[in-house]
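Here are the chains, one letter per residue:
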Amino acid sequence: MEETPNKPEDTPRDYKIMALLLQSRGVEDCDPSVINLLLEFSHRYTVDVLQDALVYAEHAKKNEIDMEDVRLAIQGRVNYSFTSPPEKEFLLELAEERNKHPLPLIPEKYGVRLPPEKHTLTGVNFHIVPEKKAQKQQQQQQQQQ
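What counts as what
- Here the residue index of a chain counts from 1 through its sequence in written order.
- Confidence filtering applies because this is a predicted model: local features only for residues at pLDDT of at least 70, side-chain atom pairs given and counted only at 80 or more, and all residues used for totals across whole chains, interfaces and linings.
- Side-chain numbers here rest on the full set of heavy atoms in the structure, without hydrogens or water.
- Note on conventions: DSSP H or I runs of at least 4 residues are helices, E runs of at least 2 residues are strands, and numbering of each starts at the N terminus.
- Contacts are assigned to residue pairs with any non-hydrogen atoms lying within 4.5 Å of each other.
- Throughout, the Shrake-Rupley method with a 1.4 Å probe supplies accessible areas, and for residues the shown protein chains are the sole cover considered.
- A carboxyl oxygen of Asp or Glu within 4 Å of a side-chain nitrogen of Lys or Arg is what we treat as a salt bridge.
- The criterion is simple. A nonpolar core is a set of buried Ala, Val, Leu, Ile, Met, Phe, Trp, Tyr and Cys residues joined through side-chain atoms within 4.5 Å.
- Note on exposure labels: buried denotes an accessible area under 20% of the residue type's maximum, exposed denotes more than 50%, and partly exposed covers the range between, all computed with a 1.4 Å probe on protein chains only.
- Lines fitted to C-alpha atoms define the axes here, with helix axes fitted over just the stretch in contact, and angles between the N-to-C directions of these axes take values from 0 to 180 degrees.
- When describing relative orientation, an angle under 35 degrees is termed roughly parallel and one over 145 degrees roughly antiparallel, while 65 to 115 degrees is termed roughly perpendicular and anything else oblique.
- Only Asp, Glu, Lys and Arg are considered charged, only Ala, Val, Leu, Ile, Met, Phe, Trp, Tyr, Cys and Pro nonpolar, and every remaining residue, Gly among them, polar.

### Focus: the overall build of the protein
Now for step 1: The helix and strand tally for the protein stands at 5 helices and 0 strands.
Now for step 2: Counting from the amino terminus, the protein carries its helices and strands in the arrangement α-α-α-α-α.
Now for step 3: Contacts in the protein between residues at least 24 apart in sequence constitute 37% of all its contacts with a sequence separation of at least 6.
Now for step 4: Total accessible area on the protein stands at roughly 13900 Å², and carbon and sulfur atoms take up 56% of it.

The following block contains the structure:
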């Protein structure tokens, strides 16, 4: 792990703990801003959970927050903030349904397949008057003068 720009003894305790948590999960090296972002996220999450727990305690007409209020607040956050991935069976059914139809055959052209010239940004989207016509127009203008 990279250390903060400060001296090791000036490093905040929470920063050291977050770095140790990352190391325990197998992260050997990361940018210091990653640890700061994780600290910010954990602080915001903790504050939100405690505010929710306070609302639940006030609703129950309690003077203090107890463990049940915190558990309820965490459960509410987990239900609405974090989603779990779909179940394996559902994904298998979805894949089976999608794979019932074969992919279209690949044409036997080699090289890079590009769209037609008229549909590209580099395609010519204007017409140039040939030089002969331009010369005739100049001659006609001179004759009229």
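### Let's talk about the pattern of salt bridges
Now for step 1: On inspection of all chains with the given rule, the structure shows 7 salt bridges.
Now for step 2: Linking aspartate 52 and arginine 77 is a salt bridge whose minimum nitrogen-to-oxygen distance equals 3.1 Å. Taken as a pair, aspartate 52 in helix α2 (residues 32-59) and arginine 77 in helix α3 (residues 67-81) lie far apart in primary sequence, 25 residues in all.
Now for step 3: The shortest N-O distance in the salt bridge between glutamate 68 and arginine 71 comes to 2.9 Å.

### Considering the nonpolar core
Now for step 1: Counting residues in each nonpolar core, the largest one holds 6 residues, listed as Tyr15, Met18, Ala19, Leu22, Cys30 and Ile35.
Now for step 2: Among the elements that line this core, the one with the most residues is helix α1 (residues 13-24), at 4 residues.

### Description of the packing of α1 against α2
Now for step 1: In the contact formed by α1 and α2, the axes pass within 10 Å of each other and the chain directions differ by 105°. Classified by the angle their axes make, α1 and α2 are roughly perpendicular. Here Asp14, Tyr15, Met18, Ala19 and Leu22 of α1 lie close against α2, whose contacting residues are Pro32, Ile35, Asn36, Leu38, Leu39 and Ser42.
Now for step 2: Partitioning the contact of α1 with α2 into residue classes produces 8 nonpolar, 2 polar and 1 charged.

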